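Fold and contact review
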Amino acid sequence: MISPISHPQPSDPAARQADFMPILGTDHVELYVSNARQAAHYYQTAFGFQPLAYKGLETGSRELASYVLQQGKIRLVLTSPLRSGTDVGRHIDQHGDGVKVAALWVEDADYAYREAVKRGARPYMEPRVEEDEHGKVVLSGIYTFGEVVHLFVERKDYRGIFLPGYQKWEPAYRPEPVGLKYVDHIVGNVRLGYMNKWVKYYEEVLGFKQILSFDDKDISTEYSALMSKVMSNGNGRIKFPINEPAPGLKKSQVEEYLEFYEGEGVQHLAVATDNIIQTVRALRSRGVEFLQVPGSYYDALEERVGKIDEDMNELRELGILVDRDDEGYLLQIFTRAVQPRPTMFFEIIQRKGATSFGKGNFKALFEALEREQALRGNL
Ligand code: FE2
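Below, the structure is looked at part by part. Residue positions are given per chain, counted from 1 along the sequence in the order it is written. The model is predicted, so local features are restricted to residues of pLDDT at least 70 and side-chain atom pairs to those at 80 or more, both for listing and for counting; the totals for chains, interfaces and linings are taken over all residues. Hydrogens are left out, water is left out, and the side-chain values use all remaining heavy atoms of the structure.

**Side note on the pairing of strand β6 (residues 123-132)**
Short version of the rule: Should DSSP find at least two bridges between two strands, the strands are taken to pair. Under the scheme used here, helices are H or I runs from DSSP no shorter than 4 residues and strands are E runs no shorter than 2 residues, and both carry numbers assigned from the N terminus.
Sheet analysis places β6 next to strand β7 (residues 135-143), joined by 7 bridges and oriented antiparallel. Note on β7: the bridge partner recorded for D132 is G135.

Quick look at the structure:
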């Protein structure tokens, strides 16, 4: 089970009943990538993911190959086509590498699908049972923004390694994990004027609640701005911030994403650690590249966030950001884009009580992002 990140549980029966879409956690995240074998090597070597499962020609999958990696409770599936003319290939041609599926672990995938579709979700996959000698799973799915889908995964009657059709993947090569534990949040970038549409979609279709919002007054620099609303499911285990660009003097980072992804999609995956200093040190030593933070950020840090357990010099050396809210503080850092297009990236986050998303860091982050954007000639 994925432990909830301090979020109020509805205590009265009426409120509990209002959560018509109970979700146990993030089941997995699937990326469509042009070379899943090499991407798997990257996520093993650089990010410390462990090999878990595989399907491809050797397992009778003639169209697609998928590598499944795991670290803590985070499962990544990397999928590539084995021939031309597939939906996956078309997706990669348009978007480059990116997230196709944010899969949600549910008790009842048939019920989840029926409830969501009844409330206006656009169907992706009708409930279907998949079986092998290890049991059965029920899968169903709905579309969200862009071409992203939420798969509902019901696996209570399944004992296999991942899903039917997959075999254990046991290569000799196994770099150590770096301490990544679970998916903290998954962020979507949507078109200008569409944030509220998707907020409403998550409210109506999945029963999510808006827990935070930022407007362009919170998140802006001289050049660019964005607006963001954070949606959470009933038990707080699933959090989807949704960003839309706000007008700035120059092109915002969300606009740059939308242009290069050629549509709406997942901007970043935030993964949690219990020791961000160790994790980021390991990631850096393995070649993961992070956004540079201006040195001046640390000069004013203690004044802004007060006393923290970590050594400021280590944070400065590693480029880790800190923010505080009413409940505590958090440490976070953002990787550079993990593919040639300036689209998806990762966030590494450690929460020390804070339940927010680093609003105070956005300005520092944006200035860093804009320096990179300017280098690419896109500002
Ligand atoms: Fe984030």
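**Some words on the pairing of strand β17 (residues 345-352)**
So the rule is basically this: Each residue is assigned to one of three classes by its accessible area relative to the maximum for its type, calculated with a 1.4 Å probe on protein chains only: buried under 20%, partly exposed between the two thresholds, exposed over 50%.
Burial runs high along β17: 7 of the 8 residues are buried. Sheet analysis places strand β14 (residues 265-273) next to β17, joined by 5 bridges and oriented parallel. Among the inter-strand pairings, V271 is bridged to a residue of β17, identified as I348. For strand β16 (residues 328-334) and β17, the ladder comprises 5 bridges, and the chain directions are antiparallel. The partner of Q332 across the bridge, within β17, is I349.

**Here we look at the sheet that holds strand β8 (residues 149-154)**
Which entries qualify depends on this criterion: Only heavy atoms matter for contacts: two residues are in contact if any of them lie within 4.5 Å across the pair. Helix axes are fitted to C-alpha atoms over the stretch in contact, other axes to C-alpha atoms as well, and angles between N-to-C directions run from 0 to 180 degrees.
Reading across the sheet, the 9 strands line up as β6-β7-β8-β5-β1-β4-β3-β2-β9 and stay open at both edges, with mixed pairing between neighbours. The strands lining the two open edges of the sheet, one partner per strand, are β6 and β9 (167-168). Where strand β5 (residues 98-105) lies against β8, 3 bridges are found, and the strand directions are parallel. Bridge pairing in β8 links W105 to V153. Across the face of the sheet, helix α4 (residues 109-118) comes into contact with β6, β7 and β8 while running at roughly 15° to β7.

**Notes on the coordination of the iron ion**
Keep this limit in mind: Only nitrogen, oxygen and sulfur atoms count as donors, using a 2.8 Å cut-off from the metal that widens to 3.2 Å for Na, K and Ca. Water is left out, so coordination shells may look unfilled.
Those donors, H185 (NE2), H268 (NE2) and E347 (OE), are the protein atoms that reach the iron ion, and they lie 2.0 to 2.2 Å from it. Within one chain, the residues serving as donors to the iron ion are arranged as H-x82-H-x78-E. With a gap of 83 residues between them, H185 in strand β10 (residues 180-189) and H268 in strand β14 connect regions that are remote in the sequence. H185 sits in the buried class, given a relative accessible area of 3%.

**Section: helix α5 (residues 195-206)**
Cut-off, in case you're wondering: Under the convention used throughout, the expected extent of a helix is 1.5 Å for every residue step, that is, one less than its residue count. Taken from the helix axis, the directions to the C-beta atoms give the arc we talk about.
The first and last C-alpha atoms of α5 sit 16 Å apart over 12 residues, in line with the 16 Å expected at 1.5 Å per residue. The complete set of buried residues in α5 reads M195, W198, V199, Y201, Y202, V205 and L206. Down the axis of α5, the sector holding all buried residues measures 160°, keeping them to one side. Its buried side turned inward, α5 meets α4, β7, β8, β11 (209-214), β12 (225-232) and β13 (239-246). Just downstream of α5 lies G207, where phi reads positive at about 70°.

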